[in-house]
Amino acid sequence: MSGNRLSGKVAVITGAASGIGRGTAERFAEEGAKLVLVDNNEARLLEAAEQLKAGGASVVAVAGDVSLSETADRVLEAGRDAFGGIDILFNNAGIMPVVSVLDMAEETWDSVMDVNLKAMFLLSKRVIPEMLKRGGGSIINTSSVMSTLTEPKYAGYTSSKAGIIGLTKAIAVEYAEEGVRCNAICPGWVDTELNQRLAVELGGMDKLYPIIKQQQPTGKMATVREIANVVLFLASDESTAITGASIFADGATSAFI
Ligand SMILES: NC(=O)c1ccc[n+]([C@@H]2O[C@H](COP(=O)([O-])OP(=O)(O)OC[C@H]3O[C@@H](n4cnc5c(N)ncnc54)[C@H](O)[C@@H]3O)[C@@H](O)[C@H]2O)c1
């Protein structure tokens, strides 16, 4: 499947070395976008960039920690230098510490807030002026079904993902008239390394699958490509009526008692 739904558009994608970010980079490239890929795993980021370039995509890679202002500065520079600006920002990098409130170190709380939430503010702050110069743009922030539903040991993660919904609405409202849209996606279970690591913590995939079957009415994880297709819709001009929304791509998890 390929087309021109993002033809000529410049898209920044964070967390692009793996999972949802990498899958979305592939999907965006298929639709003609030029890509600025960001991740703190430099080796895997460069491998992803090379693979996309080999397929004919225009790609620059920025290795760095998204929670740092200097990374956001370099992302902006890369978008301007390589492609003359930025139209789409997919704020997607995230971490998921699994630890109870009482056992959580202050540093763990700070890092999940910084990587999952503050980074989205830092990049939006730099990219929105570029979008305004171009007459508009689309920001998509990866939240989670865990923004509104949670379970023990996810206080940091759930708080950060709920904060993303607030930031998304605030940006949407502030820049709606100028054509900068901002939406959140809230995936349920998705088949990525994030959950492979969780399975290891729980003692193997055999322990994880019954939980997925019980929580997600579809009975299975979404694929990265299924989530990337939702992000593509929000990035494209097909969704110009939608801003400030949280789209639950969760296999009915949030509808289930
Ligand atoms: N997989 C799921 O079931 C699921 C469900 C809901 C939401 N999410 C969210 O989707 C997003 C992507 O997760 P994924 O499942 O693809 O995970 P993943 O672990 O496969 O990919 C995350 C990527 O983010 C990068 N990253 C982490 N910290 C970073 C930092 N400080 N700076 C730059 N890059 C950093 C990692 O190196 C990795 O490449 C996350 O925000 C996650 O919370 C995932």
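Not measured: the values here are computed from a predicted model.

**Student:** Please give an account of the domain arrangement of the protein that cites residues and values.
**Tutor:** The domain boundaries assigned to the protein delineate domain 1 (10-187 + 223-249) and domain 2 (191-221). Between the C-alpha centres of domain 1 and domain 2 the distance comes to 24 Å. Together, the buried faces of domain 1 and domain 2 total about 660 Å²; carbon and sulfur atoms form 53% of this surface. Glu 193 serves as the salt-bridge partner of Arg 44, at 2.8 Å between the closest nitrogen and oxygen.

**Student:** I'd like to hear about the packing of aromatic side chains, residue by residue, with values.
**Tutor:** For the structure on display, the rule yields one aromatic pair. Pairing Tyr 154 with Tyr 157 gives two aromatic rings, centres 6.4 Å apart and planes at 70°, and the pair type is edge-to-face.

**Student:** Could you give me a rundown of empty space enclosed by the protein, with the residues and numbers involved?
**Tutor:** This structure, assessed with the given rule, holds one cavity of 30 Å³ or more. By volume, the largest cavity amounts to about 50 Å³. Every residue lining the largest cavity is listed: Thr 14, Val 66, Asn 91, Asn 92, Ala 93, Val 115, Asn 116, Ala 119, Met 120 and Leu 123. Per-element tally for the lining of the largest cavity: the top contributor is helix α4 (residues 106-133), with five residues. A class-by-class count of the residues in the lining of the largest cavity yields six nonpolar, four polar and no charged.

**Student:** Tell me about the state of the cysteines, and please be specific about residues and values.
**Tutor:** Across all of its chains, the model carries zero disulfides by this definition. Lacking any disulfide linkage, Cys 186 is separated from the closest cysteine sulfur, that of Cys 182, by 12 Å. Exposure remark for Cys 186: the relative accessible area of 0% places this residue in the buried category.

**Student:** Any details on α4? Residues and values, ideally.
**Tutor:** Here α4 spans 40 Å end to end across 28 residues, near enough to the 40 Å set by a 1.5 Å rise per residue. Remark: the principal bend of α4, roughly 45°, maps to Asp 114. Phi for Gly 135, located one or two positions after α4, is positive at around 90°.

Conventions we followed
Here, residues in each chain are numbered from 1, in the same order as that chain's written sequence. It should be noted that, the model being predicted, local features are given only for residues of pLDDT at least 70 and side-chain atom pairs only at 80 or more, the latter also being counted only at that level, while totals for whole chains, interfaces and linings use all residues. No hydrogens and no water enter the side-chain calculation; it runs on all heavy atoms of the structure. These domain boundaries are the output of an automatic or database domain assignment. Put simply, buried area is how much 1.4 Å-probe accessible surface two parts lose in total, over both of them, once they are put together. Salt bridge, as applied in this entry: a Lys or Arg side-chain nitrogen positioned within 4 Å of an Asp or Glu carboxyl oxygen. Each pair of aromatic rings taken from Phe, Tyr and Trp, with Trp reduced to its six-membered ring, is defined by centres within 6.5 Å and is described as stacked if the planes are under 30 degrees apart, edge-to-face if over 60, and tilted in the remaining cases. Cavity: a set of points on a 1 Å grid over the protein atoms alone where a 1.4 Å probe fits but cannot get out. Pocket: an open set with protein on both sides within 12 Å along at least five of seven lines, its lining residues, like those of a cavity, having an atom within 4 Å of a point. Grid points are joined across faces, edges and corners, and a volume is the space filled by probe spheres set on the points. Note on conventions: DSSP H or I runs of at least 4 residues are helices, E runs of at least 2 residues are strands, and numbering of each starts at the N terminus. Three classes are used: nonpolar for Ala, Val, Leu, Ile, Met, Phe, Trp, Tyr, Cys and Pro, charged for Asp, Glu, Lys and Arg, and polar for all others, with Gly counted as polar. Here, the term disulfide refers to a pair of cysteine sulfur atoms separated by no more than 2.5 Å. Residue burial is assigned from relative accessible area. The probe radius is 1.4 Å, only protein chains are included, and a residue is buried under 20% of its type maximum, exposed over 50%, and partly exposed in between. The span you would expect from a helix comes to 1.5 Å times its residue count less one. Bend, in this description, refers to the angle at a residue between axes fitted to the seven residues ending there and the seven starting there.

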